[in-house]
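Structural overview for review
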Amino acid sequence: MSCILNIETSTSACSVAIAREGEVVFERSTLKGPSHAAILGVYVEEALAYAQQQHLTCQAVAVSCGPGSYTGLRIGVSMAKGLCFGQNIPLIAIHTLDIVAATAQRQLPADEKALICPMLDARRMEVYAALYDRALQQVRKTQADIVTETTYADYLNEHPVYFCGDGAAKCQTVITSPKAHFLTDIVPLASEMAPLAEQAYRQQQFEDVAYFEPFYLKEFQATI
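The following paragraphs examine the structure supplied in this document. Note that the structure is predicted; figures quoted are calculated from it, not measured.

Further remarks concern unusual backbone geometry. Leaving glycine aside, a negative phi is the common case for residues, and trans is the common case for peptide bonds. For the bond running from Gly66 to Pro67, omega is 5 degrees, close enough to zero to count as cis. Here Pro67 shows up in the loop between β4 (60-64) and α2 (70-87). Although it is not a glycine, Glu21 adopts a positive phi angle of roughly 50 degrees. Locating Glu21 in the fold gives a position in the loop between β2 (14-20) and β3 (23-30). In this structure, Gln204 takes a positive phi of about 60 degrees despite not being glycine. Mapping Gln204 onto the fold places it in the loop between α5 (190-202) and β11 (222-223).

Written out as structure tokens, the structure is:
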């Protein structure tokens, strides 16, 4: 039976969850801003205490790997790597936009042609985004987009597109296609990572703990 500790710190939200066979059994989270350095250690300590009380042994640590805030990702990944080194367990990296897309997928109506476009907010009208189909297969890789009325026109001509994540709200006045829908209250959380981490664990998709680095926002180049 798998038991995975999930850590998500890529945005202003900070969260930790323990999942057994992909089902969340413990969760702590806050959406109150970038206080990761103070809060993450407390949440992890509570999670490990819960695991001990329930006689659970974590077989892996999963962490969001970006794109996301430099500071947030550095704190989360450092914690995850420390736990993996200390307990000699594998590290699983989950793409931040995969988490947002998976969360949005559960809110979509039954439309097989719909696409999901998770967005992370950046400066001005820039977002970091990717496109997924309903099966969460990536249709377009992650890149930085300067959002205009035509940025996603080719996709909107063919499909309904559900824009989600903390970058979606500022795009509502710019992307006016009737096929554009906005889910602006979705943030990446550790609890939403659980099924993705479980899948990666079963497929033995582990990172090299010593050399792993997250994907900071600055690593992507904006395109028009």
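What follows deals with the side chain of Thr96. By secondary structure assignment, the location of Thr96 is in helix α3 (residues 96-105). A distance of 3.2 Å separates the side chain of Thr96 from the backbone oxygen of Pro67, its partner in a polar contact. Setting aside anything within four residues of it in sequence, one finds Thr96 in contact with Glu8, Ser10, Ser64, Cys65, Gly66, Pro67, Leu120 and Pro188.

Next up on the list: the sheet that holds β2. Read from one edge to the other, the open sheet built from 5 strands follows the order β3-β2-β1-β4-β5, with strand pairing classed as mixed. At either margin of the open sheet sits one strand with a lone partner, and together these are β3 and β5 (91-94). In this sheet, neighbouring strand axes are inclined to one another by 15 degrees on average, regardless of whether the strands run parallel or antiparallel. Summarising the sheet, β4 and β5 pair through 4 bridges and their orientation is parallel. Counterpart to Ser64 in the pairing with β5 is Ile94. The strands touched by helix α1 (residues 36-53) within the sheet are β1 (3-8), β2 and β3, with β2 carrying the most contacts at an inclination of about 20 degrees.

Turning next to the nonpolar core. Counting 28 residues, the largest nonpolar core has Leu5, Ile7, Val16 and Val61 as the members making the most contacts within it. Mapped by element, the contributors of at least two residues to this core are β1, β2, α1, β4, α2 and β5. Here this core takes 6 residues from α1, the largest share from any one element. The contact partners of Leu5, leaving out residues within four places of it in the chain, are Val16, Ala17, Ile18, Val44, Ala47, Leu48, Cys58, Ala60, Val61, Ala62 and Leu83.

Take the pattern of salt bridges next. Taken as a whole and judged by the stated rule, the model has 6 salt bridges. The closest approach of N and O atoms between Arg202 and Glu21, which form a salt bridge, is 3.1 Å. Here Arg202, found in helix α5, pairs with Glu21, found in the loop between β2 and β3; they are 181 residues apart in sequence, far enough to count as distant. Residue classification places Arg202 among the exposed positions, given a relative accessible area of 57%. Three or more residues are tied together by salt bridges with common partners; here these are Glu21, Glu198 and Arg202.

Our next topic: the pairing of β5. Burial along β5 is two-sided: the residues Leu91 and Ala93 and Ile92 and Ile94 are all buried. For the handedness criterion, the β-α-β arrangement of β4, α2 and β5 is classed as right-handed.

Right, let's get into the environment of Ala144. By the element assignment, Ala144 lies in strand β8 (residues 138-146). Taking the C-alpha atoms as reference, Ala144 lies 6.7 Å from Glu126; in sequence the two are 18 residues apart.

Here α5 spans 18 Å end to end across 13 residues, near enough to the 18 Å set by a 1.5 Å rise per residue. Its axis deflected by about 30 degrees at Leu196, α5 carries its strongest bend there. What α5 keeps buried is the set Ala190, Ser191, Glu192, Met193, Ala194, Leu196, Ala197, Glu198 and Ala200. At its buried positions, α5 is contacted by β1, β2, β3, β4, β5 and α3. Within two residues after α5, Gln204 carries a phi angle of roughly 60 degrees, on the positive side.

Cut-offs used in this document
- Numbering of residues begins from 1 in every chain and follows the order in which that chain's sequence is written.
- Local features in this predicted model are restricted to residues of pLDDT 70 or higher, and side-chain atom pairs are both shown and tallied only at a pLDDT of 80 or more, whereas totals for entire chains, interfaces and linings draw on every residue.
- Heavy atoms from the whole structure form the basis of all side-chain values; hydrogens and water molecules are not counted.
- Counting from the N terminus, the helices are DSSP H or I runs at least four residues long and the strands are E runs at least two residues long.
- As used in this structure description, the phrase polar contact means that two N or O atoms lie within 3.5 Å; if the pair is within protein, one of them must be able to donate a hydrogen and the other to accept it, and residues adjacent in sequence are counted only when both atoms belong to side chains.
- Any two residues whose heavy atoms approach within 4.5 Å at even a single point are treated as in contact.
- Any two strands with at least two DSSP-identified bridges between them are counted as paired.
- Axis angles are defined between N-to-C directions and span 0 to 180 degrees, where every axis is a line fitted to C-alpha atoms and, for a helix, only to the segment in contact.
- Within this scheme, the nonpolar core is defined by two criteria: the residues are buried Ala, Val, Leu, Ile, Met, Phe, Trp, Tyr or Cys, and they are joined through side-chain atoms within 4.5 Å.
- Note on exposure labels: buried denotes an accessible area under 20% of the residue type's maximum, exposed denotes more than 50%, and partly exposed covers the range between, all computed with a 1.4 Å probe on protein chains only.
- Any Lys or Arg side-chain nitrogen found within 4 Å of a carboxyl oxygen on Asp or Glu counts as a salt bridge.
- Call a crossover right-handed when, viewed with both strands pointing away from you, the route from the first strand across the helix to the second goes clockwise.
- Expected span, for any helix, means 1.5 Å times one less than how many residues it has.
- To obtain the bend at a residue, axes are fitted to the seven residues ending there and to the seven starting there, and the angle between these axes is taken.

Everything listed here is a matter of geometry and, on its own, says nothing about what the molecule does.
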